[in-house]
Amino acid sequence: MVSEAPPFWWKKGDPRAWLLAPASLIYGYFASRRLRKAKRLEIEVPVICVGNFTVGGAGKTPTVITLAKAAKARGLNPGVLSRGYGGSMDRTTVVDPDHHRARDVGDEPLLIAREALTVISRKRVDGARTLIKEGADIIIMDDGFQSAVLHFDYALMVVDTIRGIGNGFLVPAGPVRAPTTLQLKYATALLKLGRGNAADPFIRIAARSGKPVFEGKVDPVGDRDIIAGQNVLAFAGIADPNKFFSTVEGLGANIVVRRPFGDHQHLLDDEIGDLLTTAEKQELVIVTTAKDAVRLRGHHGRAEELAAKLTVIDVEMAFDSPNTARLIINEAIASFRKRRLLRP
């Protein structure tokens, strides 16, 4: 499955948004009702939800990985719960990064499973219970804030500073997943990710409502000179490919050819062939993201050939304050203990 937000969602004043506004009112009614009325199941371990206000990537997955690493450093055994978006498996599954393919379990769960116990499940309650059976003593949810199925002890909402909340309209007129004032009510804190300013007006509203606002950034890891001075073909199937292209240019490479694809998109043989042929003819280094690379793993033929020729630019999220991740984990545990004490 490919997820690609319409470009007009991220622009102000587009008439298509106003035309779709009545449908957004209907969507917003049901999204609000779910957040207000849903009965959230409480489970036996602390739950941290990493969500975002809009459709599309905001940096949730690298944030989840950073929190999982911090939980392990604290002596905990974190379990990550994902819906497995982009994968075909519809049963609750413990992800094995050495066995599963992205086509089965989704690309993001495969990346997360390198760092922590990870379960995919269309039914989040079943997934949480499986994580507990597997030994998790704290659960980190990758998304799931708007589903309102599980009770969470801490909700960290990630905001992309380049895109912000787009045009501010709800789906389908815009990218917002539920009325922002209501989402803020159930959020514990916000994470302002990046160095852009598109999110600043919304961040100010959140700060005035008393929500803590943390800051962080996503940067490349590994050898920063790996592509410096080289002519490259860059391709990316993520929510905002331009972010990746900017990263590549920031590493000193000259992007001769850029190929954006849809988020989570599995490339067809002719698309793979085009990438290989173009790079060979123009003598270009092929660079891509870790998400795109993991989608090629476990395949044969041209996909295997492309995977062998890739230079992968991996990234990690870091909070501006090194104590933030530990603070979030500690507050989630404190909230969990409080609700257990208050339970009849």
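Attention in this report is confined to the structure presented alongside it. Everything quoted here is computed from the prediction, not taken from an experiment.

On a plain count of helices and strands, the protein chain comes out with 12 helices and 13 strands. For a compact globule of 344 residues, the expected C-alpha radius of gyration is about 20 Å, and the protein chain comes in at 20 Å, within 12% of that figure. On the principal axes, the C-alpha backbone points of the protein chain span a range of 70 × 50 × 40 Å. Considering the protein chain as a whole, with its 344 residues, one finds that 53% of them fall into the buried category. For the protein chain, restricting intrachain contacts to residue pairs at least 6 apart in sequence, the fraction spanning at least 24 positions comes to 75%.

The parallel open sheet is built from four strands, whose spatial order is 10-9-11-12. Both edges of this open sheet fall to strand 10 (254-260) and strand 12 (310-313), since each of them pairs with a single strand only. Across this sheet, the average inter-strand angle for adjacent strands is 30°, counted without regard to direction. Alignment of strand 11 (residues 285-289) against strand 12, held across four bridges, turns out to be parallel.

In space, the nine strands of this open sheet follow the order 3-4-2-5-1-6-7-8-13, with mixed pairing throughout. What marks the edges here is a single partner per strand, and that holds for strand 3 (93-94) and strand 13 (315-319). Pairing between strand 3 and strand 4 (residues 117-120): two bridges, direction antiparallel. Counted as the bridge partner of V94 is V119 from strand 4. Packed on one face of the sheet, helix 7 (residues 200-208) meets strand 6 (154-160), strand 7 (189-193) and strand 8 (213-220) and runs near 155° to strand 7.

Looking now at the packing of helix 2 (residues 60-73) against helix 12 (residues 324-342). Contact pair helix 2 / helix 12: the axes reach a minimum separation of 9 Å and the direction vectors enclose 75°. The orientation of helix 2 with respect to helix 12, classified from their angle, is roughly perpendicular. Contacts from L67, A70 and A71 in helix 2 reach A325, I328 and I329 in helix 12. Residue composition of the contact of helix 2 with helix 12, by class: six nonpolar, no polar and no charged.

A surface patch of like charges, here positive, comprises R33, R36, K37 and K185. No other element matches the three residues that helix 1 (residues 15-37) contributes to the positive patch. Structurally, the position occupied by R36 is in helix 1.

Overall, the coordinates contain 18 salt bridges when judged by the stated rule. Between D292 and R295 there is a salt bridge, with its nearest N and O atoms 2.4 Å apart. On the criterion of helical spacing, the pair formed by D292 and R295 is a turn pair, its members being three residues apart in helix 10 (residues 290-296). The class for D292 is buried, based on a relative accessible area of 5%. Three or more residues joined by partner-sharing salt bridges are found here, namely E42, D153 and R339.

As a further point, take unusual backbone geometry. Cis geometry is adopted by the peptide bond preceding P172, which originates at V171 and carries an omega value of 5°. In this model, H264 sits at a positive phi of 70°, which is unusual for a non-glycine residue.

On to the packing of aromatic side chains. Evaluation of the coordinates by the stated rule reveals six aromatic pairs. Each ring, one from W18 and one from F169, has its centre 5.0 Å from the other, and the planes form 85°; the classification is edge-to-face. Linking W18 in helix 1 with F169 in the loop between strand 6 and helix 6 (180-186), this pair joins segments that are 151 residues apart in sequence. A ring pair is formed by F244 and F245, whose centres lie 6.2 Å apart and whose planes are at 55°; its orientation type is tilted. The two residues F244 and F245 agree in class, both being buried. In this arrangement the basic side chain of R40 is found over the ring face of Y186, its NZ or CZ atom lying 4.8 Å from the centre. Positioned above the aromatic ring of W10 is the side chain of R163, whose terminal nitrogen or guanidinium carbon lies 4.3 Å from the ring centre.

Along strand 9 (residues 231-236), five of the six residues are buried, which leaves the element largely enclosed by surrounding structure. As paired elements, strand 9 and strand 10 share six bridges and run parallel to each other. In the strand pairing of strand 10, L233 is matched with V257. Note: strand 9 against strand 11, three bridges, orientation parallel. Across the sheet, the residue bridging to L233 is I286, located in strand 11.

On to the packing of helix 9 (residues 269-282) against helix 11 (residues 302-309). Relative orientation of the contacting elements helix 9 and helix 11 amounts to 40°, with a least axis distance of 9 Å. By the criterion of interaxial angle, the relationship of helix 9 to helix 11 is oblique. Classified by chirality, the crossing of helix 11 by helix 9 is left-handed. Residues I272, G273, L275 and L276 of helix 9 touch helix 11, and the partners they reach there are R302, A303, E305, L306 and K309.

About the criteria used
- Residues numbered from 1 in each chain as written.
- Predicted model: local features only at pLDDT ≥ 70, side-chain atom pairs only at ≥ 80, totals over all residues.
- Heavy atoms only, no water.
- Helix = DSSP H or I, 4+ residues; strand = E, 2+ residues; numbered from the N terminus.
- Rg over C-alpha atoms; globule rule 2.2 N^0.38 Å.
- Buried < 20%, exposed > 50% of the residue type's maximum accessible area, 1.4 Å probe, protein only.
- Contact = heavy atoms within 4.5 Å.
- Pairing = 2+ DSSP bridges.
- Axes fitted to C-alpha atoms, helices over the stretch in contact; angles between N-to-C directions.
- Parallel < 35°, antiparallel > 145°, perpendicular 65-115°, else oblique.
- Nonpolar A, V, L, I, M, F, W, Y, C, P; charged D, E, K, R; others polar.
- Patch = residues over 30% accessible without salt bridge, like charges linked within 9 Å, V, L, I, M, F, W, Y side chains within 5 Å.
- Areas by Shrake-Rupley, 256 points an atom, 1.4 Å probe, with all protein chains shown as cover.
- Salt bridge = Lys/Arg side-chain N within 4 Å of Asp/Glu carboxyl O.
- Lys, Arg positive; Asp, Glu negative; His and termini not counted.
- Charge placed at Lys NZ, Arg CZ, Asp CG, Glu CD.
- Phe/Tyr/Trp six-rings, centres within 6.5 Å; stacked < 30°, edge-to-face > 60°.
- Lys NZ or Arg CZ within 6 Å of the ring centre and 35° of its normal.
- Left-handed = near helix turned anticlockwise from the far one by under 90°.

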